[in-house]
Amino acid sequence: MLFMVHATDKPGALDIRLANRPAHLDWLTAAGPAIKAAGPWLGSDDKPAGSLLIVEMESRAALDAWLAKDPYAIAGLFQSVAAAPYKWVFNPPAGLEP
């Protein structure tokens, strides 16, 4: 099942993001093909203000357990994290067609 994850950074926390970025990228890399899309979304100053992920997980419980291990989350970067099942309708990657 695909999930969309939208995380919002705490205000003024760019230093936390930058300090934990290498570990966060390693965590994403370790998830392998479960990661369908990932990257920061940008604030009005064109600097990262949060994260957007599209991931394939077995269940919501599996997603929550995986997200709890995100170095950004462990470091306290996020003000909020929202996740929901996602259906990729327009231009889905091969194998993810509706």
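Going by the structure above, here's the rest.
Draft legend 1. Spotlight on helix H1 (residues 14–30). For H1, built from 17 residues, the straight-helix expectation of 24 Å at 1.5 Å per residue is met to within 8% by its first-to-last C-alpha distance of 24 Å. Helix geometry: H1 is bent most strongly at Arg21, by close to 55°, with proline Pro22 lying one to four residues after it. On its buried face, H1 is in contact with strand S1 (2–9), strand S2 (35–42), strand S3 (48–56), helix H2 (60–67), helix H3 (71–74) and strand S4 (78–85).

Draft legend 2. Just the pattern of salt bridges, in detail. If you walk through the whole model with that rule in mind, you get 3 salt bridges. Here Glu56 makes a salt bridge to Lys36, at a shortest N to O gap of 3.3 Å. With Glu56 in strand S3 and Lys36 in strand S2, this pair connects stretches of sequence that are 20 residues apart. A relative accessible area of 34% means that Glu56 is categorised as partly exposed. With a relative accessible area of 27%, Lys36 lands in the partly exposed category. Asp64 is paired through a salt bridge with Arg60; the nearest N and O atoms lie 2.9 Å apart. Residue Asp64 and its partner Arg60 are located together in helix H2, separated by 4 residues, close to a single helical turn. Assessed through its relative accessible area of 35%, Asp64 is described here as partly exposed.

Draft legend 3. Just the nonpolar core, in detail. In terms of nonpolar packing, the biggest core is built from 14 residues, with Leu53, Val55, Met57, Leu63, Trp66 and Leu67 touching the most fellow members. At the level of secondary structure, the elements contributing two or more residues to this core comprise S1, H1, S3 and H2. For this core, the element with the highest residue contribution is H2, accounting for 3 residues. By size, the runner-up hydrophobic cluster in this structure holds 5 residues, among which are Ala7, Ala13, Tyr72 and Leu77.

Draft legend 4. Focus on the packing of aromatic side chains. Across all of its chains, the model carries 3 aromatic pairs by this definition. Pairing Tyr72 with Phe78 gives two aromatic rings, centres 6.1 Å apart and planes at 85°, and the pair type is edge-to-face. Aromatic side chains Tyr86 and Trp88 sit 6.0 Å apart centroid to centroid with 70° between the ring planes, which places their arrangement in the edge-to-face category.

Rules and cut-offs
Residues numbered from 1 in each chain as written. Predicted model: local features only at pLDDT ≥ 70, side-chain atom pairs only at ≥ 80, totals over all residues. Heavy atoms only, no water. Helix = DSSP H or I, 4+ residues; strand = E, 2+ residues; numbered from the N terminus. Expected span 1.5 Å × (residues − 1). Bend = angle between axes of the 7 residues up to and from the residue. Contact = heavy atoms within 4.5 Å. Salt bridge = Lys/Arg side-chain N within 4 Å of Asp/Glu carboxyl O. Buried < 20%, exposed > 50% of the residue type's maximum accessible area, 1.4 Å probe, protein only. Core = buried A, V, L, I, M, F, W, Y, C linked by side-chain atoms within 4.5 Å. Phe/Tyr/Trp six-rings, centres within 6.5 Å; stacked < 30°, edge-to-face > 60°.

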